[in-house]
Amino acid sequence: MSSIAERLDAIRATIPSGVRLLAISKYYPCEAVMEAYNAGQRDFGENKAQDLVAKQQALPTDIRWHFTGHLQSNKIKYIAPFVYMIHSIDSMQLLREIDKHGAKNNRTIPCLLQIHIAQEETKFGFTPEECLAMLATEEWKELKNIHIRGLMCMASNTDDLQQVATEFKAVRVLFDEIRDRWFAGDKEFDTLSAGMSGDYLTAIEAGSTCVRIGSSIFEDEI
Ligand SMILES: *Cc1c(COP(=O)(O)O)cnc(C)c1O
């Protein structure tokens, strides 16, 4: 048996400074979030807009709420007032919609472009080619109420860590290429969100700057 606080400590000990630990609380109640909060955790992520809103309303105001799931346009309005970062931009259309809601709320919303790198068909995101083509239009430069801060990816769901490492490294190369080409003057293009409970050490080795960990924090291994 171990507690959330103990598991958080154990995970923190494996994460270098400069890599952000995001606790993915999507399957866990507010009480569990509070346990992590009381152990010093401040960054949390959810996959559903309703859950993000419900938890944000119920929990301390200094929590940084990240959105990591597939975002439907009609849900943006609920999270736009407070979301700290949206990790899952998968179309130019979505970016435009978020920009509108940023303007309505008088703020700039930090966003990551989700890259589809995994072998599974089911994952969302731009392919690297689509992402480069989208950036090349430079249309995003006109959107003043979003700020592209980096990339996000999910590796293939496989035990083959070699495959996973290859995917994470490819996204790191893409991240560097995009930064050099379009964000060279922007120190805030600094986030590569990659790595979950099963593969975060591989992701950090490949150059992740933000790991998204759920089950390893919130579930006791039996
Ligand atoms: C659920 C989820 C995570 C966390 O997964 P664990 O395996 O529980 O650590 C990370 N990122 C995204 C996008 C998720 O949906």
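What counts and how
- Residues numbered from 1 in each chain as written.
- Predicted model: local features only at pLDDT ≥ 70, side-chain atom pairs only at ≥ 80, totals over all residues.
- Heavy atoms only, no water.
- Helix = DSSP H or I, 4+ residues; strand = E, 2+ residues; numbered from the N terminus.
- Rg over C-alpha atoms; globule rule 2.2 N^0.38 Å.
- Contact = heavy atoms within 4.5 Å.
- Areas by Shrake-Rupley, 256 points an atom, 1.4 Å probe, with all protein chains shown as cover.
- Near = heavy atom within 4 Å.
- Polar contact = N/O pair within 3.5 Å; in protein donor to acceptor, adjacent residues only side chain to side chain.
- 1 Å grid on protein atoms, 1.4 Å probe; cavity = no way out; pocket = protein on both sides within 12 Å on 5 of 7 lines; lining within 4 Å.
- Sits in = over half its atoms within 2 Å of the grid points.
- Nonpolar A, V, L, I, M, F, W, Y, C, P; charged D, E, K, R; others polar.
- Core = buried A, V, L, I, M, F, W, Y, C linked by side-chain atoms within 4.5 Å.
- Buried < 20%, exposed > 50% of the residue type's maximum accessible area, 1.4 Å probe, protein only.
- Phe/Tyr/Trp six-rings, centres within 6.5 Å; stacked < 30°, edge-to-face > 60°.
- Lys NZ or Arg CZ within 6 Å of the ring centre and 35° of its normal.
- Points joined across faces, edges and corners; volume = space filled by probe spheres on them.
- Axes fitted to C-alpha atoms, helices over the stretch in contact; angles between N-to-C directions.
- Parallel < 35°, antiparallel > 145°, perpendicular 65-115°, else oblique.

With that out of the way, let us pick up the overall build of the protein. In terms of regular secondary structure, the protein is built from nine helices and eight strands. Here the C-alpha atoms of the protein give a radius of gyration of 17 Å, agreeing with the 17 Å that 2.2 N^0.38 yields for 222 residues. Dimensions of the protein, computed from C-alpha atoms along their principal axes, come out at roughly 55 × 40 × 30 Å. Taking contacts inside the protein between residues at least 6 apart in sequence as the whole, the part at least 24 apart equals 61%. For the protein, the exposed area adds up to about 10,700 Å²; of that, 50% sits on carbon and sulfur atoms.

This part takes up the environment of Ala5. Checked against the element boundaries, Ala5 lands in helix 1 (residues 4–12). Put simply, Ala5 and Gln41 are 36 residues apart on the chain and 9.2 Å apart in space, counted from C-alpha to C-alpha.

Close to the ligand lie Ile24, Lys26, Asn47, Thr68, Met154, Met196, Ser197, Arg212, Ile213, Gly214 and Ser215. Ser197 has a polar side-chain atom sitting 2.5 Å from an oxygen atom of the ligand. Note that a nitrogen atom of the ligand is positioned 2.8 Å from one of the side-chain N or O atoms of Arg212. Relative to its unbound accessible surface of 390 Å², the ligand loses 86% to contact with the protein. Among the cavities detected, the one that contains the ligand is the largest pocket. Looking at the shell around the ligand residue by residue, the classes come out as four nonpolar, five polar and two charged.

Let's shift gears to the nonpolar core. Ranked by size, the top nonpolar core spans 66 residues in total, and within it Ile79, Ile86, Leu95, Ile98 and Leu135 carry the most contacts. Broken down by element, the residue count for this core peaks at seven residues, all from helix 7 (residues 161–182).

This part covers the packing of aromatic side chains. Aromatic ring pairs: the centre-centre distance and the angle between the two ring planes describe each pair. Tallied over the entire structure, the rule returns six aromatic pairs. On the numbers, 6.2 Å between centres and 75 degrees between planes, the contact of Tyr27 with Tyr28 is edge-to-face. Among the residues examined, Tyr27 registers a relative accessible area of 63% and is labelled exposed. A ring pair is formed by Phe44 and Trp65, whose centres lie 5.9 Å apart and whose planes are at 40 degrees; its orientation type is tilted. You can see Phe44 sitting in strand 2 (residues 43–46) and its partner Trp65 sitting in strand 3 (residues 64–67), a full 21 residues away along the chain. Residue class for Phe44 comes out buried when judged on its relative accessible area of 0%. Aromatic ring contacts, followed pair by pair, group Trp140, Phe175, Phe183 and Phe189 into a single cluster. A cation sits over an aromatic face here: Arg42 above Tyr37, 3.6 Å from the ring centre.

Its boundaries defined by the atoms lining it, the largest pocket holds a volume of some 750 Å³. Lining the largest pocket we find 33 residues, and of these Lys26, Asn47, Met154, Met196 and Arg212 sit closest to its centre. Those elements that place two or more of their residues in the lining of the largest pocket are strand 6 (146–154), helix 7 and strand 8 (210–213). Its residues assigned to classes, the lining of the largest pocket comprises eleven nonpolar, 13 polar and nine charged.

Considering the arrangement of structural elements, one finds Thr61 in the loop between helix 3 (49–58) and strand 3. Thr61 gets classed as exposed once you look at its relative accessible area, which sits at 80%. Distance from Thr61 to Arg107, taken between C-alpha atoms, is 17 Å for residues 46 residues apart in sequence.

This brings us to the packing of helix 6 (residues 128–136) against helix 7. Two numbers describe how helix 6 lies on helix 7: the axes approach to 12 Å, and their chain directions differ by 10 degrees. The orientation of helix 6 relative to helix 7 falls into the category roughly parallel. Along the contact surface, helix 6 presents Pro128, Cys131, Leu132, Leu135 and Ala136, while helix 7 presents Leu174, Glu177, Ile178 and Trp182. Of the residues assigned to the contact of helix 6 with helix 7, the class counts are eight nonpolar, no polar and one charged.

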